[in-house]
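# Reading the structure
This is what each chain is made of:
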Amino acid sequence: MRTYADMPVEEMNAMLGRLQRSGREIGRHALLETAIGVESAAQFDAPVRTGFLQGSHFVEPRQPADEIAVGASAEYAMAVHERHPTKSGWFARVLREQLKRITEAAFRKAARERGPR
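Residues numbered from 1 in each chain as written. Predicted model: local features only at pLDDT ≥ 70, side-chain atom pairs only at ≥ 80, totals over all residues. Heavy atoms only, no water.

## Brief notes about the pattern of salt bridges
Under the convention used in this document: For this document, the term salt bridge refers to a Lys or Arg side-chain nitrogen within 4 Å of an Asp or Glu carboxyl oxygen. Each helix is a run of H or I in the DSSP string that is no shorter than four residues. Each strand is a run of E no shorter than two, and both are numbered from the N terminus. The cut-offs for exposure are 20% and 50% of the maximum accessible area for each residue type, with area from a 1.4 Å probe on protein chains only; residues under the lower value are buried, those over the upper are exposed, and the others partly exposed.
Tallying each qualifying case throughout the model produces six salt bridges. Note that aspartate 45 and lysine 87 form a salt bridge whose closest N and O atoms lie 3.4 Å from each other. One end of the pair, aspartate 45, is in helix H1 (residues 9-45); the other, lysine 87, is in the loop between helix H3 (77-83) and helix H4 (90-114), and 42 residues separate them in sequence. A relative accessible area of 25% means that lysine 87 is categorised as partly exposed. Salt-bridge contacts for glutamate 60 lead to arginine 62; the nearest nitrogen and oxygen are separated by 2.9 Å. You can call glutamate 60 partly exposed: its relative accessible area is 36%. Three or more residues joined by partner-sharing salt bridges are found here, namely Asp45, Lys87 and Arg93.

Given below as structure tokens:
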């Protein structure tokens, strides 16, 4: 005796299409979540005298849709980043030390929220 199952090709193709679309959507969402996480960590680690530099961090989606800029818009941000006596390199340090954790968390969140249904 043999056991078999019919494979509904149209349904399988539809599911494959949903998986492909959700993969792109997950990637875009994870990119944005990663950028927001980097911005947040950089704000937390930035030197604070008046709070202006800390508040000038930004996330800016760009075209094409898979590009996002993250930075600080204060005119003196680069000088402080390079020369601050105790917090120099805060932004680069966030990328070096926290990017992997932030990205992994962003992908988990994106997959949970945007995964195939």
